[in-house]
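Below are the chains, spelled out letter by letter.
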Amino acid sequence: MTGEREILNKALEFHGHRCWASVAGVRVGLAALNKLGVKRSGGTQLYGIVEIGEDHGGMCFADGIQYTTGCTFGKGNIRKNPLGKLGFTLIEKATNRAVRVVFTAKLQPQIAASAFMQKRSAGISADEIPEAEQLELVDLVWNAPAEETIKVGEIFQYDERWVPEVMGFKPCDNCGELTALAYLRVVGQRHVCIPCSDYDR
Ligand SMILES: [Zn+2]
Ligand SMILES: [Zn+2]
């Protein structure tokens, strides 16, 4: 897995520290790409749905997913279905072929017992935990056999009609700040941003 280790290292660099959930995200992302037989989304050819929620441990999963699949919140080709689960659905937009992949419960006792997670539970920030203890957990998750840790579903059709993005920005007629065209509101003769309009959204 030399090439894949390179992807892992770059993902962890982007993420900011080494942790089990981001590694799990990389593995799940790679498994999803592999099952669909597609490459990382340089544009928005792929769309992802990640099942982490808000304010819970393990959300780092989504950074591993984003780096590996190219489905990113910046490109807008990923969304959260907040279930608090380590599940991910990858869709090839041209064909609507999709697969759901999950990180299984298998390693959870070992993850919970690790020096890294003991320190996390004691309130120590992940990037302040000694590197050797970060790497111990990375290797545990990275090296575990795929058949026990990653569950890859069957390919199915995802029913979605994809809308094209609206290109272009214009300055708001009131405050002058650049605003995406789809977010300008018409007030009288003027095209203004949402805060300058009386609209909620
Ligand atoms: Zn993390
Ligand atoms: Zn404005």
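Every chain is numbered independently, its residues counted from 1 as its sequence is written. Each chain takes a letter, starting from A, and each ligand takes a number, starting from 1, following the order in which they are written. With the structure being a predicted model, the display of local features is reserved for residues of pLDDT at least 70 and the display and counting of side-chain atom pairs for 80 or more, all residues being used for whole-chain, interface and lining totals. Side-chain metrics in this entry use all non-hydrogen atoms of the structure; hydrogen atoms and water are not considered.

A helix here means a DSSP run of H or I that spans at least four residues, while a strand means a run of E at least two residues long, and both kinds are numbered starting from the N terminus. Helix and strand counts for the protein stand at seven helices and 10 strands. With respect to the three principal axes, the spread of C-alpha positions in the protein is 65 × 40 × 30 Å. Relative to its 201 residues, the protein shows a buried fraction of 41%. In this description, contact between two residues means that some pair of their heavy atoms is separated by no more than 4.5 Å. Look at the contacts in the protein between residues 6 or more apart in sequence, and 64% of them connect residues 24 or more apart. Only the protein chains shown count as cover for residues, and all accessible areas are computed by the Shrake-Rupley method using a 1.4 Å probe. Roughly 11,400 Å² of accessible area belongs to the protein as shown, and the carbon and sulfur atoms make up 51% of that amount. Averaging the locations of the 23 positively and 24 negatively charged side chains of the protein gives two centres separated by 5 Å. Note on exposure labels: buried denotes an accessible area under 20% of the residue type's maximum, exposed denotes more than 50%, and partly exposed covers the range between, all computed with a 1.4 Å probe on protein chains only. Neither His nor the chain ends contribute to the count of charged residues, in which Lys and Arg are positive and Asp and Glu negative. Every charge is mapped onto a representative atom, which is NZ of Lys, CZ of Arg, CG of Asp or CD of Glu.

A few words on the pattern of salt bridges. Pairing of side chains with opposite charge becomes possible as their charged atoms draw close. Whenever Lys or Arg places a side-chain nitrogen within 4 Å of a carboxyl oxygen from Asp or Glu, that contact is recorded as a salt bridge. Counted by the stated rule, this structure contains eight salt bridges. We note a salt bridge from Lys 10 to Glu 6, for which the minimum N-O separation is 3.6 Å. With a gap of four residues between them, Lys 10 and Glu 6 both fall in helix 1 (residues 2-15), about one helical turn apart.

Below, the discussion takes up the coordination of the zinc ion (ligand 1). Six octahedral donors around a metal ideally make angles of 90 or 180 degrees; four tetrahedral donors ideally make 109.5 degrees. Ligation of the zinc ion (ligand 1) by protein atoms is provided by His 15 (NE2), His 17 (NE2), Cys 19 (SG) and Cys 60 (SG), these donors lying 2.0 to 2.3 Å from the ion. Only nitrogen, oxygen and sulfur atoms qualify as donors, and only when within 2.8 Å of the metal (3.2 Å in the case of Na, K and Ca); with water excluded, sites may look incomplete. Read from N- to C-terminus, the donor residues coordinating the zinc ion (ligand 1) fall into the pattern H-x1-H-x1-C-x40-C.

Here we come to the packing of aromatic side chains. The description of two aromatic rings rests on the distance between their centres and on the angle between their planes. Two aromatic rings, drawn from Phe, Tyr or Trp (for Trp, its six-membered ring), form a pair once their centres lie within 6.5 Å of each other, and the interplanar angle then sorts them: stacked below 30 degrees, edge-to-face above 60, tilted otherwise. Scanning the entire structure with this criterion turns up four aromatic pairs. With a centroid separation of 6.1 Å and an interplanar angle of 35°, the aromatic rings of Trp 20 and Phe 103 are classed as tilted. Separated by 83 residues along the polypeptide, Trp 20 in helix 2 (residues 20-36) and Phe 103 in strand 4 (residues 97-103) bring together distant segments of the chain. The class of Trp 20 is buried, set by a relative accessible area of 9%. Ring centres of Tyr 158 and Trp 162 lie 6.4 Å apart, and the angle between their planes is 20°; this geometry places the pair in the stacked category.

All right, on to helix 6 (residues 131-143) then. The span expected for a helix works out to 1.5 Å for each residue beyond the first. In this model, helix 6 (13 residues) spans 18 Å end to end at C-alpha, consistent with the 18 Å of a helix rising 1.5 Å per residue. Here helix 6 has its buried residues at Glu 133, Gln 134, Leu 137, Val 138, Val 141 and Trp 142. Along the axis of helix 6, the buried residues cluster in a sector spanning 165°; they form a single face. Turned more than 90 degrees away from the buried face of helix 6 sit Ala 132 and Asn 143, all of them exposed. Our arc is simply the arc of the directions from the helix axis toward the C-beta atoms.

Two packed helices can be described by the angle between their axes and the distance between those axes. Convention adopted: a line fitted to C-alpha atoms gives each axis, helices being fitted over their contacting stretch, and angles between N-to-C directions are expressed from 0 to 180 degrees. At their nearest, the axes of helix 2 and helix 6 sit 9 Å apart, and the two run at 25° to each other. As summarised for this structure, helix 2 and helix 6 are arranged roughly parallel, according to the angle between their axes. Helix 6 is crossed by helix 2, and the crossing has right-handed handedness. Along its contact with helix 2, which presents Trp 20, Val 23, Ala 24, Val 26, Arg 27 and Leu 30, the element helix 6 presents Leu 137, Val 138, Val 141, Trp 142 and Asn 143. Taken together, the residues of the contact of helix 2 with helix 6 break down into nine nonpolar, one polar and one charged. In these notes the angle categories are as follows: under 35 degrees is roughly parallel, over 145 is roughly antiparallel, 65 to 115 is roughly perpendicular, and the rest is oblique. What makes a crossing left-handed is the near helix being turned counterclockwise from the far one by less than a right angle; a clockwise turn instead makes it right-handed. Throughout this entry, Asp, Glu, Lys and Arg are counted as charged residues, while Ala, Val, Leu, Ile, Met, Phe, Trp, Tyr, Cys and Pro are counted as nonpolar. The remaining residues, Gly among them, count as polar.

We now examine the coordination of the zinc ion (ligand 2). Coordination of the zinc ion (ligand 2) by the protein involves Cys 172 (SG), Cys 175 (SG), Cys 193 (SG) and Cys 196 (SG), with metal-donor separations of 2.3 to 2.4 Å. Bound by four donor atoms, the zinc ion (ligand 2) shows angles of 98 to 115° at the metal and therefore tetrahedral coordination geometry. Written as a sequence motif, the donor residues of the zinc ion (ligand 2) are C-x2-C-x17-C-x2-C. The class for Cys 193 is buried, based on a relative accessible area of 9%. Between 85 and 135 degrees for all angles marks four donors as tetrahedral; over 155 degrees for opposite donors together with 65 to 115 for all other angles marks four donors as square planar and six as octahedral; every other arrangement is irregular.

Throughout the structure description, domain borders are defined by an automatic or database domain assignment. Domain annotation for the protein reports domain 1 (2-157) and domain 2 (166-201). The C-alpha centroid of domain 2 is placed 37 Å from the C-alpha centroid of domain 1.

This brings us to the pairing of strand 4. A regular strand carries its side chains on alternate faces of the sheet. Judged by how many residues are buried, strand 4 sits mostly within the fold: five of seven residues are covered. Between any two strands, pairing holds if DSSP finds at least two bridges. By the bridge criterion, six bridges tie strand 3 (residues 87-92) to strand 4 in an arrangement that is antiparallel. Looking across to strand 4, one finds that Thr 89 is bridged to Arg 100. Between strand 3 and strand 4, which pair antiparallel and follow one another directly, the connecting turn spans four residues, one of which, Asn 96, has a positive phi of 60°. Of the pairings in the sheet, the one linking strand 4 to strand 6 (residues 156-157) comprises two bridges and is antiparallel in character. When the bridges of strand 6 are listed, Arg 97 appears paired with Gln 157. Relative to strand 5 (residues 150-152), strand 4 is paired through three bridges, and the arrangement is antiparallel.

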